[in-house]
Each structure stands twice: as C-alpha cells, then as structure tokens.
Amino acid sequence: MECYCIEHEWVLVSCTINAMVKNSTTKWPLRMMRIPLVRRVLLILVVFGVLWSFTFVNISLVFSQSQSRSSNEVKAEIVQLSEEYIKALAQENGDIVDGPYAGRFTAFDLKKTIAVLLESMLARINRLEIFVNNVTNGSLLSDNSTLLSPHLLMGAGLDGRRNAVLSAQDLLQGKSEKCELTEEDMEQYPHCGQKIEWMQKMWQSDPCYKGYGVDGSNCSIIMYLSEVEDFCPRQAWSGTHNKTLVDTRITYANVTVDLQGLMNLLVDPNDRQGYAWIRMRISRMWHRWSSAAKNLVSKYDLQGRQKQKILIHLGLLSKQSGWKFAEMQFKGGPLGELVQWSDLISTLYILGHELTVTSEVEQLIEILNHVPAAKTPCQSRKELPVNLIYTDIMGLIQFKKRLKAGYAKFSCLFRVVDSFGTEPAFNHHAFAKQNKILSSWGGQDLNPQQFYTMFPHSPDNSFMGFVVDRVLNDSETNLTPKENIALVYGKNDYMWQGKEQYLDVIHSMLEVHGTVYEESDNKLQNVPSYVINHGIMTGVDLHKLLQKTKIFVGLGFPYEGPAPLEAIANGAVFLNPKFNPPHSSKNHKFFKGKPTHREVTSQHPYAETFIGEPYVYTINPNNTDEVLQVLKNILKDNKFSSYLPNEYTEEGMLQRMNAYIQHQNFCSFQRGLTKWPLKEAVQFVFAEKGQSCKDACWSLNHICEPVYFPELNSKESFSNFTECKSVAHSSNIYYPAYDTNAGTCTTQDERLLFSCVGSMDTLQRLCPCRNYIPGQSALCIGCEI
C-alpha cells in the first residue's frame, strides 16, 4: 500500500495505521513459529484476556449505564460539530468563490473536493449509526439490517428527500448548476441585468475578475455578481435552500466615556496642530457627553450592536485642500465645520466603535497601501479593513484620486459631512452634466442620503447636525442677570459692511457689542465706533457674555452657523435677517457652484422654521421701522428664556447617529420592502400641482422620506389617486408624477434621481411622507433607536 503525504492530518494518520497493520499481519506468523509452545499458549491466553476485558467494558458501557446516549444524541452531536467545522472553514476561506469553478488562490475546485469529502463522511456516519443501532437492539446479524451505500445517499437529505443540488459524482463529471434568473429576480435586483451585460464584455479588462473565478460563462458571471458584488441573487445558482452562516467573530459595541482613549486617537500628524481646536472643544464638553451617554443607556437597550471599524478622514484639514482651516482655527477662521467634526468624532467614539482618524493624504495613502486589491475594480468588500468611512468633499476627492478603478468598492461606505447639502440633480454626474449644473462639488453618484448635513436642509440628504455648546453649568446660567446688551453675530470686518442703518436702530435702544477679529496693524473699517469689541473670545468668556445679552443680532452672513442656536440656548433672542428675494445660486455668488438649488429665505432657515417666536424673530433689516417695533416688543415683555431642540443636544445626536449606523445600509442593491423608517410612520401623498414633495409633506406636518420612493414608483400606486391615460417613464427629478395637461403618469427610471425637492408647474407628484419626533426631525415616531 502506497501513501501520499497530503495536507489533511487524518488521511496521514490513516495511512500510518494501515501500514502498521500490514506490517504486523505479515510478520506475525513467522515470529509465532520461533516461540516455544508454552509461551505461545500463555501469550494467546493473555491476548484473549485483554480482548475479553475490553469487550466486557464495552458491553458494560452499552448495556449497564443508565445515562448512556442514544444514537440520535450521538448523531446530533456529530452534526453540531460538523456545522462548527464548516463555519470555521468558511470563515478561513471567506474570499473563495463557491461554485463549480476554481476558487481564488487555489489550483483545484474547492466545491468538488468538499462535496466528495462530505459525501464520504455522510456514508460512513450512516453505516456507524446502523451498526450502533443493531448492537443496542441485539440484531447485529439480522437479515433486515442494510448498510446504505454512497449512491443511495447522493442528493438526499437526512429525511430521504432529494434536494435541488448536484451530487459529488455529478460535479466530478463536470456538470454545473443551472444559473437562471427569473422575472422576480430581475425585479428584486434591478442592476443585475445591466451588470451581467457589462461583465460579458469587460470581464477580461482586469485580472481580478478571473481571480474570483470568472471565465466568461454566464454562470461564473452570475456567481461573481452575487457572491462578491451583491448585484444578483444567490438562489439563481445555489438552490433555493440557502442558509447564511452566522459570523461568530462579530464583536459588539459598548458605550464608553473614557476621554483619554479618545485624546490618544487625535494625534496631529505634523506641526500644524490641526486637531487643537477639536481637542479643546471635546475636552470642554466631555462632562455633558458622559451624562448624555448615561441617560441614553438608561432609556434604551443599546446591547447587541455590532462594533464597526470606522475611518474618519478630515480632508478639510489637509495641506492639499488649500483651505487653511488648521492655520485659521484661532484667528477668526470658519469653525462650523470643526464643530461638526468634533461632535461627530465624540459621538462615534462614545457609541463604542473602533476609530481611525486621519487628516493628511500621506496617512490615507499608507492605509490604502495595506488594503488588498484596493485599486482593482472588483467590488469585494470582505477584504476591506473598514465598515464605514466619514469624510468631506475634499476627502472624497482625495479618495477618488488614490483609488481610481477601486473606488467603486468603497463608494457605498462613505458618509460625507456636507454643510449645505447635495441635491439629487447635482449628485447624478450624467444628469448634472447634461443640464450644465455639474461642479467640482457635485457629480459624486452616491446615494443622496450619504451626504450628512449640518441642518435639515433637504430630506434627500441625512441630517447629522452638531451639538450646541453650553459652556456654563446650569447653576451659573440661572444666576446671571440680563443686561441691556445686543451682541452682533459677525467676527470679520467685511460682514459689517452696509449695515450702518440697521445697527444704528439697535444702538438707539441697546448697548452694542461685537467679537470681531482685529489684527494689530489693520484698523476695522466697517464696524461703527460705538461698538464695544471684545475680539475673538474663548468659549467660556463668550458664553458668559451671551448670558448677559438680550438680543443676538444677525447681519445676514454667515449662513446657518451654530452661534444663533448657542445664543438662544443662553436666553438671548435672535434677530434673523430675512432675504427677499431668497438667496440661491441664481442670485448670490456664495452659492455659485454649490450642489443645490435651495432658496435660502433668511440667514438661519432652521431657526426660522423649527424654532420661531418668541426665541427667533425673522425681520427685514432694511426696514428700520420694522426693526424698531420688534425691538420694542421684545424689550417690553422682558422675558428671556433659553431654548434648545433635543436634536442639538449630546443625547439627541447620540440617538440619531446610532440609528443611522444601525439602519442605514447603502451597500445593499436588492430592491426589497423598506424596513426603516417604519412603514407605520409613512403615508403616500398626492401633491398639489407645481408642489415639491418637501413642501407637500411639510404642509401635513410630515417630512419627505426618499427611502420609500421605490415603493410608490408604479402604475398601481397612481391608481390610488388618479386615472392615467397612459404610462411613461423618465429619468428626471420630478418623477413619479402625473401630468395634469396630458393625463400621463410617469415613473422614475433612475434611483439616484428620486428627489424630494423637484417640482414642475404642470406636475402633481407622488410623495412618501413620514411623521417625526418633535425635536428629533431625523427620526420617525417608533424609530428612536
């Protein structure tokens, strides 16, 4: 007998035992002939005694022990151990494409090998089970006992029913599974068909496809598109009884409030000290974050959340951005974006996820260099070291430049911190180019909800927000009396230009203060001489001043910053300048190139819409009579109470971001029923002619929910509201909609163009609207966690 040395230990052991048996059986008679007769007899008696003792022990174990296990129990244990083995094998070989084609990095067909092995194991287990049953039932020599041969077990389950899979013998003979897509499959996976067509032409364009087992055949292409890129259904080739193995390596996130652990992550990569302001803000607010985390844990069950590996890349702080956020953070530079990043980093860390923070391109390149096949077009995300990537537009551009063809596999992982939002029309590259609205900010072809905004501008994007800083303790805020002070919101001299009459009216009733950055060699040109300027103040000093302030004065710029909410939280009334006509990319240079058609009706639309009087008065600053009357009314009532929406507290942001991490998944390409937000929170609405879905939903005190657009994008949905003379389809931001002139119902062809903000004078739109939690507009009632 000749034994081959192969990798399987049990086969090697089997070979060794067979060799020993062979040697012993051939030499035994010769040795026995040389031993004297008495010794032979004694030796035979000893061997017989040992065998008898062994048999006695076995019989005692079988018949005498009351706790002996039945064959079913033994079989169950074997099955359980087999399942654990297969799970471990699957995890160790997670990058191998299953199927009748060669696995990656192998020189043989893994499925054929495992099929033969398991079939042999099943036959041997069945023989063993029958043997044990016969022994325990006293029927070892029964004529009714039958040991099943392997061919009777092929394709049959334990219950004897034949499964819809191929046997090992079939696989060895070169047969393969049928790879067929039904109409239902194509409907459930809308991208599958076009991906197959592309792969048929382009599978040889990169060697990575062949590495995953693609050989040009339809079946190999469908297997790749289902197993690796998730664009096609797996049941098309692997049978209808698929079971997904549970990954036992999952680790769970635990809420943590260890500040030092977070500070250790925020290490500046150079002498520019880009994280200095972020570290300062986080440290100052940490006691509130800790308290908020404890409150959230006491209200909701946060157990069982999978720990995510998250890369945070702050492109705005990189040298390549040219924006000099790092250099200007303590010199009057824009801080709104740094506020967002500070609070986002705090939130993700406290929620217990594993973070990596970078701010320079060199750091990004180093990480990507360690990612297998990062620059190949094959979209296997199993190889990626991260589950989520938070970055900004500049960071996204830096990713694209370094990844090139490999960008596709990362694209669904991005969450883009985007202060002003990106509407679908600007996000879809081909549509934006065709309509001549493409800019360096747009054309990213992401799901519009992957853009995370500072305020709830458009429901097409996700509202991330930030936390309103409350530097002082509650005991301090309650003891500070209000003084006759108006503090102007404008830290740069140019912001005050052309506001003399407006400020003069305010000065006639209040002492005017400012916090304007002033260089020693440059005198302020636009700040009136009566203004008491404090310069750039620390957070504590600024909030102490806000505590004394009665009126916080908006100048019209900057748009939508955090300062007005901080002032309102400190008990100051905000004067919010109204814009007539509204500011937009059509009439204001600031919005030129921004990926939005949004019309900004005031300096702070959120304060105008979601807060309002008596905390916010939206006024025309050019109408001095109106300004004077509003001031009189405010000062006459002399009631200054603080107000802060829950969504801008630490607890509100923790709750909102946790819900996003748990429920938002942009890497799934299956068109299924939406599970979040809850269906019970949504109603479908037929908008008025010329009305956008955003406005139609808001008129019902609801918010447009773009996740549900696919569920009403059909002729059947229109039948609930109107009668269609004909049905058409189009790729534009206005659909699904009904044309009141032609009587035509038009559905949407391009999922990236579903839009809450699109509107046309002759169209009535079908709109998905959801309710929301007051003070937490991003979440529906019942979607708290």
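Just so we're clear, the structure is a prediction, and the values are computed from it rather than from any experiment.

Peer 1: It is not clear to me how the overall build of the chain should be interpreted in this structure. Could you clarify?
Peer 2: Helix and strand counts for the chain come out as 29 helices and 19 strands. By residue count, 46% of the 785 residues in the chain fall in the buried class. Here the contacts in the chain between residues at least 6 apart in sequence split such that 72% fall between residues at least 24 apart. With the model as given, the accessible surface of the chain reaches about 40500 Å², and the carbon-plus-sulfur share is 53%.

Peer 1: Is there a simple way to think about the pairing of strand β7 (residues 485-489) in this case?
Peer 2: In summary, the side chains of a regular strand alternate between the two faces of the sheet. Where burial is concerned, most of β7 is hidden: five out of the five residues are buried. Handedness of the crossover is the feature at issue here: the chain leaves β7, passes through helix α22 (residues 500-507), returns alongside strand β8 (residues 511-514), and the resulting connection is right-handed. Inspection of the sheet shows β7 paired to strand β10 (residues 551-554) by four bridges, in the parallel sense. Within β10, the residue paired with tyrosine 489 across the bridge is glycine 554.

Peer 1: What is the right way to read the packing of α22 against helix α26 (residues 624-637) from this model?
Peer 2: Any two packed helices are characterised by how steeply their axes cross, that is the angle between the axes, and by the distance between the axes. Contact pair α22 / α26: the axes reach a minimum separation of 10 Å and the direction vectors enclose 30 degrees. Between α22 and α26, the angle is such that the two are roughly parallel. Here α22 runs over α26; the crossing is right-handed. Across the interface between the two elements, Gln501, Tyr502, Val505 and Ile506 of α22 pack against Thr624, Val627, Leu628 and Leu631 of α26. In terms of residue class, the contact of α22 with α26 is made up of six nonpolar, two polar and no charged.

Peer 1: What is the right way to read the pattern of salt bridges from this model?
Peer 2: Pairing between side chains becomes possible if they bear opposite charge and their charged atoms approach one another. Evaluated as defined, the whole model comprises 12 salt bridges. Here arginine 281 makes a salt bridge to aspartate 343, at a shortest N to O gap of 2.9 Å. One end of the pair, arginine 281, is in helix α13 (residues 276-299); the other, aspartate 343, is in helix α15 (residues 336-350), and 62 residues separate them in sequence. According to the relative accessible area criterion, arginine 281 is buried, its value standing at 2%. Across the pair glutamate 560 and arginine 598 runs a salt bridge whose closest N-O atoms are separated by 2.9 Å. With glutamate 560 in the loop between β10 and α24 (563-569) and arginine 598 in the loop between β11 (573-583) and β12 (600-602), the pair connects residues that are 38 residues apart, well separated along the chain. Pair check on accessibility: glutamate 560 and arginine 598 agree, each one buried. Beyond isolated ion pairs, a larger network of salt bridges with shared partners links Arg272, Lys319, Glu327 and Glu360.

Peer 1: Looking at this model, I keep getting lost on the sheet that holds strand β1 (residues 309-313). Mind explaining?
Peer 2: Think of a sheet as strands paired side by side through backbone hydrogen bonds, with each pair either parallel or antiparallel. The six strands lie next to each other as β2-β1-β3-β4-β5-β6, forming an open sheet whose pairing is parallel. Either end of the sheet is taken by a strand with one partner, and the two such strands are β2 (354-358) and β6 (462-463).

Peer 1: Before we go on, may I ask you to explain unusual backbone geometry in this structure?
Peer 2: Peptide bonds are trans in most cases, and residues, glycine excluded, mostly fall at negative phi. With omega at 5 degrees, the peptide bond leading from asparagine 580 into proline 581 counts as cis. Along the polypeptide, proline 581 turns up in strand β11. Residue proline 736 is bonded to the preceding tyrosine 735 through a cis peptide linkage, with omega at 10 degrees. With respect to the element layout, proline 736 can be found in the loop between β16 (726-730) and β17 (737-739).

Peer 1: Looking at this model, I keep getting lost on the packing of α13 against helix α27 (residues 650-663). Mind explaining?
Peer 2: At a minimum axis distance of 8 Å, the contact between α13 and α27 shows a crossing angle of 55 degrees. With respect to α27, the axis of α13 lies oblique. When the axes of α13 and α27 are compared, the crossing they make is right-handed. On α27, the residues touching Met285, Arg288, Trp289, Ala292, Ala293, Asn295, Leu296 and Lys299 of α13 are Glu650, Glu651, Met653, Leu654 and Gln655.

Peer 1: Is there a simple way to think about the packing of aromatic side chains in this case?
Peer 2: Aromatic ring pairs: the centre-centre distance and the angle between the two ring planes describe each pair. Under the definition given, this model contains 36 aromatic pairs. Ring centres of tryptophan 323 and tryptophan 441 lie 5.9 Å apart, and the angle between their planes is 20 degrees; on these two criteria the pair is classed as stacked. Of this pair, tryptophan 323 sits in the loop between β1 and α14 (325-328) while tryptophan 441 sits in the loop between α20 (429-434) and β5 (451-453); the two residues are 118 residues apart in sequence, bridging distant segments of the chain. Classification of tryptophan 441 as partly exposed rests on a relative accessible area of 30%. Aromatic rings pair up to connect Phe455, Phe463, Phe466, Tyr606, Phe610, Tyr648, Trp698 and Tyr772 into one cluster. Positioned above the aromatic ring of phenylalanine 590 is the side chain of lysine 594, whose terminal nitrogen or guanidinium carbon lies 4.4 Å from the ring centre. For arginine 656, the ring lying beneath its charged end belongs to phenylalanine 463, and the centroid distance is 4.6 Å.

Peer 1: Is there a simple way to think about the side chain of aspartate 343 in this case?
Peer 2: Residue classification places aspartate 343 among the buried positions, given a relative accessible area of 1%. Polar side-chain contacts of aspartate 343 include one of 2.9 Å to the side chain of arginine 281. Not counting residues within four places of it along the chain, the set of residues in contact with aspartate 343 comprises Arg281, Met285, Trp289, Phe466, Val467 and Met653.

Peer 1: I keep staring at the side chain of threonine 376 and nothing clicks. Help me out?
Peer 2: Structurally, the position occupied by threonine 376 is in the loop between α16 (361-369) and β3 (388-392). Setting aside chain neighbours within four positions, we find threonine 376 in contact with Asp206, Cys208, Ala405, Gly406 and Lys409.

Peer 1: Honestly, the state of the cysteines in this entry has me stumped. Any pointers?
Peer 2: A disulfide bridge is the covalent bond that connects two cysteines by way of their sulfur atoms. As enumerated under the stated definition, the model contains eight disulfides in all. Two residues, cysteine 724 and cysteine 745, share a disulfide whose sulfurs are 1.8 Å apart. Here the disulfide of cysteine 724 and cysteine 745 is left-handed, its torsion about the S-S bond being about -85 degrees. Remark: cysteine 745 occurs in strand β18 (residues 744-748) and cysteine 724 occurs in the loop between α29 (715-718) and β16; sequence separation between them is 21 residues. When its relative accessible area of 0% is taken as the criterion, cysteine 745 is described as buried.

Parameters at a glance
Every chain is numbered independently, its residues counted from 1 as its sequence is written. At least 70 in pLDDT is required for a residue's local features to be given in this predicted model, at least 80 for side-chain atom pairs to be given and counted, and no such filter applies to totals for whole chains, interfaces and linings, which use all residues. Excluded from the side-chain calculations are hydrogens and water; all other atoms, namely the structure's heavy atoms, are used. By the criteria applied, helices consist of DSSP H or I runs no shorter than four residues and strands consist of E runs no shorter than two, each listed in order from the N terminus. The classification of residues rests on relative accessible area computed with a 1.4 Å probe and restricted to protein chains. Under 20% of the type maximum is buried, over 50% is exposed, and intermediate values are partly exposed. Note on definitions: a residue-residue contact is assigned when non-hydrogen atoms from the two residues lie within 4.5 Å. The protein chains shown are the only cover counted for residues, whose accessible areas, like all others here, come from Shrake-Rupley with a 1.4 Å probe. Clockwise travel from the first strand over the helix to the second, with the strands pointing away from the viewer, marks a crossover as right-handed. Pairing between two strands requires that DSSP report at least two bridges joining them. Think of each axis as a best-fit line through the C-alpha atoms, taken over the contacting stretch in the case of a helix, with angles from 0 to 180 degrees between the N-to-C directions. Oblique is the label for any angle not under 35 degrees, not over 145, and not in the 65 to 115 range, which are roughly parallel, roughly antiparallel and roughly perpendicular in turn. The hand of a helix crossing depends on one turn: near helix anticlockwise from the far one by less than a right angle means left-handed, and clockwise means right-handed. Lys, Arg, Asp and Glu make up the charged group, whereas Ala, Val, Leu, Ile, Met, Phe, Trp, Tyr, Cys and Pro make up the nonpolar group; the residues left over, Gly among them, are polar. Should a side-chain nitrogen of Lys or Arg be within 4 Å of a carboxyl oxygen of Asp or Glu, the pair is scored as a salt bridge. Classification of ring pairs rests on two measures: the distance between centres of Phe, Tyr or Trp rings, Trp counted by its six-membered ring, which must be within 6.5 Å, and the angle between planes, read as stacked under 30 degrees, edge-to-face over 60 and tilted in between. Only lysine NZ and arginine CZ atoms are considered, and such an atom sits over a ring when it is within 6 Å of the ring centre and within 35 degrees of the ring normal. Here a polar contact is taken to be a pair of N or O atoms separated by no more than 3.5 Å, where protein atoms must pair a possible hydrogen donor with a possible acceptor and residues adjacent in sequence count only if both atoms sit in side chains. Counting rule for disulfides: a pair of cysteine sulfur atoms within 2.5 Å.

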